[in-house]
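Chain residues, written in single-letter form:
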Amino acid sequence: MNPYILAILLFGLGLGTTVTFASSHWLLAWMGLEMNTLAIIPLMAQHHHPRAVEATTKYFLTQATAAAMLLFASVTNAWLSGQWDIQQMTHPLPTTIITLALALKIGLAPVHAWLPEVLQGLDLTVGLILSTWQKLAPFALILQINPTNSTILIILGLTSTLIGGWGGLNQTQLRKILAYSSIAHLGWMILVLQFSPSLTLLTLLTYFVMTFSTFLVFKLNKATTINTLATSWTKAPILTSLTPLILLSLGGLPPLTGFMPKWLILQELAKQDLALTATVAALSALLSLYFYLRLSYAMTLTMSPNNLSGTTPWRLSSSQSTLPLAISTAMAICLLPLAPAATALLTP
């Protein structure tokens, strides 16, 4: 892609998110989300592969549906309450519709079906943007409307953690596994949103760091299926021995970074007398942990001379810069000791 066009599209992505962040009026927020969608579409379809075009079309249709729902709900809100302010959502009907529209935007279950399909059709770089940057603007809006209907949030959160765990169990495609992992993590964030918005933000940030690291590892190995991961040992042995730690951090095992948000969320849910919800969420994390362990096993415990169905690729040195990977990997593994600082910041 022409670097000038790429720069304009990335600028559009950044601008769309910033407009949504800065807006207090529903029309401006909607406009920012639309700019975001329209800027990422050429990036998604840049390879002109039938799969990429199909994924782009699916993404466009779901995002357009969500944006239309958002616009409809904000107009309804203006009609019922006479104001367009994001933080003054008083009527339950438009609040619920907007919550569902934003859930569709970020791919929460039960409106998640587009996310694995879309991510599977994209290359890893655009997939990374879709899994991280594209979640920011809708999340900013969800945090601002502070949905009053707690039941719908808990239902969305629990179904997301369960479907995110179950969906990834039988997958062999890495991008689909990462999509289901994304759904499960978003479920955890939505569960705790109404009790501690700052904790949701902390979870979002740690999820970004771990996902960034995972995508960069797969990109360095040019891996898209579990079989290709098994041959990564010959390419980058030290990275391959660190990757299981990143994956287990995504699964939320102590003493890794990913344990911190899950631990704090379970603690918060227990404080709010939601012991059953906390138990279901904790058990659903085991489902996710299973497929992260599967990936770890494929990477580190299937060394040659095993008979693998994957073919060994050429060992070409990668042109990818390794500094972002090094920083994000260190953060994904080592940040748990900062948990007391995080809790001190979170307590009002």
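Numbering of residues starts from 1 in each chain and follows the order in which that chain's sequence is written. Two thresholds apply to this predicted model, a pLDDT of at least 70 for residue-level local features and 80 or more for giving and counting side-chain atom pairs, whereas whole-chain, interface and lining totals are computed over all residues. Excluding hydrogens and water, the side-chain values take into account all heavy atoms of the structure.

As annotated in an unreviewed UniProt entry, the chain carries the name NADH-ubiquinone oxidoreductase chain 2 and is attributed to Atherinomorus stipes. UniProt positions are given in the numbering used here, feature names are shortened, and annotations may be inferred rather than shown by experiment. Listed in UniProt under the heading Subcellular location (unreviewed entry), the comment for the chain reads: "Mitochondrion inner membrane".

Trainee: Can you break down the packing of aromatic side chains residue by residue, with the values?
Mentor: Note on aromatic pairs: the rings of Phe, Tyr and Trp (six-membered ring only in Trp) are paired at centre separations within 6.5 Å, and the planes decide the class, stacked below 30 degrees, edge-to-face beyond 60, tilted for the rest. Per the counting criterion, the structure on display carries 4 aromatic pairs. Two conditions define a charge located above a ring, namely a distance within 6 Å from the ring centre to NZ of Lys or CZ of Arg, and an angle within 35 degrees of the ring normal. Of note, lysine 262 hangs over the ring of tryptophan 188, and the distance from its end group to the ring centre comes to 5.3 Å.

Trainee: Could you give an account of the side chain of threonine 20, naming the residues involved and the relevant values?
Mentor: Note on conventions: DSSP H or I runs of at least 4 residues are helices, E runs of at least 2 residues are strands, and numbering of each starts at the N terminus. Among the secondary structure elements, threonine 20 is positioned in helix α1 (residues 3–22). Exposure is judged per residue with a 1.4 Å probe applied to protein chains only, and the accessible area is read against the type maximum: over 50% gives exposed, under 20% gives buried, and values in between give partly exposed. Owing to a relative accessible area of 0%, threonine 20 belongs among the buried residues under this scheme. We call two residues in contact when some of their heavy atoms are within 4.5 Å. When residues no more than four places from it in sequence are discounted, the contact partners of threonine 20 are Ala29, Gly32, Leu33, Ala137, Leu141 and Gln144.

Trainee: So what's going on with the UniProt feature "domain: NADH:quinone oxidoreductase/Mrp antiporter transmembrane" (unreviewed entry) in the chain? Which residues, and what values?
Mentor: If you check UniProt for "domain: NADH:quinone oxidoreductase/Mrp antiporter transmembrane" (unreviewed entry), the listed places come out as residues 23–287 in our numbering. Regarding residues 23–287, the helix share stands at 76% and the strand share at 0%, and the terminal C-alpha atoms are separated by 38 Å.

Trainee: Go over the nonpolar core, please, and point to the residues and values.
Mentor: Put simply, buried Ala, Val, Leu, Ile, Met, Phe, Trp, Tyr and Cys residues joined by side-chain atoms within 4.5 Å make one nonpolar core. Counting residues in hydrophobic clusters, the biggest one holds 54 residues, and the most contacted among them are Ile40, Tyr59, Val118, Leu130, Phe218 and Leu295. Here this core gets 7 residues from one element, more than from any other, and that element is helix α10 (residues 197–220). The split of the chain into domains comes from an automatic or database domain assignment. Viewed by domain, this core spans two of them, domain 1 (1–136) and domain 2 (149–306 + 322–347), each represented by three or more residues. For leucine 130, the contacting residues outside a window of four places in its chain are Ile40, Tyr59, Leu115, Val118, Leu119, Leu122 and Lys135. Within the second largest apolar cluster, 30 residues are counted, among which are Ile97, Phe139, Leu141 and Tyr207.

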